[in-house]
Amino acid sequence: APPPPPLPQLPLWHLFLKFVREHKVAQLERSAARAQLVPALELLLEAVGADPSAGPLWTEYVSLTAAAEAGAEADGALVSAAELSATRKAYQAALTSCAAGLDGLLREYEAWETRTSGSQAKAMMHDTLEKA
């Protein structure tokens, strides 16, 4: 089988994210900024998420995704199933990537899953770790 294609340059993607932060979201309120950054990070992670040094990018992506859920809780609103699903999907994508340095994220995901899924948390964790 032919070798896999080389990964796109991670430093260039860091510059892309810096541009988005500085020119697209710097003046926006927090939730609007998050709405701009999450798709940018998804695009970036699609391109370079398998890079072993992409761990900090995965952590930022999970944090931004989970922030929408936390914002709803802080406002006293019920957290939607879509927000919970997006947070779970972000954790699972990060933890099944090849990125290094995600041990803290694994502990965070376990605590989050226990809080949100209760008795199903162990099964959810098992499924995710099997894919990793």
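In this convention, every chain numbers its residues from 1, walking through the sequence in written order. In keeping with the model being predicted, local features are shown solely for residues with a pLDDT of at least 70 and side-chain atom pairs are shown and tallied solely at 80 or more, while totals for entire chains, interfaces and linings include all residues. As a rule here, side-chain values come from all non-hydrogen atoms in the structure, and water together with hydrogens is ignored.

Visitor: Help me understand helix 1 (residues 10-25), please; the structure alone is not making it clear to me.
Guide: It helps to recall that an α-helix has 3.6 residues per turn; residues three or four apart then point in one direction. A run of H or I in DSSP becomes a helix once it reaches four residues, and a run of E becomes a strand once it reaches two; helices and strands are each numbered from the N terminus. Expected span, for any helix, means 1.5 Å times one less than how many residues it has. Look at helix 1: 21 Å from first C-alpha to last across 16 residues, which is about the 22 Å you get at 1.5 Å a residue. Accessible area is worked out with a 1.4 Å probe on protein chains only. A residue is then buried under 20% of its type maximum, exposed over 50%, and partly exposed in between. When helix 1 is considered as a whole, its buried residues turn out to be Leu10, Trp13, Leu17, Val20 and Val25. Across the axial projection of helix 1, the buried residues extend over an arc of 65°, all falling on one side. Among the exposed residues of helix 1, those pointing more than 90 degrees away from its buried face are Pro11, Leu12, Leu15 and His23. Comment: arc refers to directions from the helix axis out to C-beta atoms.

Visitor: What am I meant to see in helix 6 (residues 121-131) here?
Guide: Among the residues making up helix 6, those that are buried are Ala121, Met125 and Thr128. Projection of helix 6 onto a plane perpendicular to its axis shows the buried side chains occupying an angular sector of 65°, all on one side. Of the exposed residues in helix 6, the ones pointing more than 90 degrees away from its buried face are Lys122, Glu130 and Lys131. Buried residues in helix 6 make contact with helix 4 (81-95) and helix 5 (103-117). What makes two residues a contact is simply this: any of their non-hydrogen atoms within 4.5 Å.

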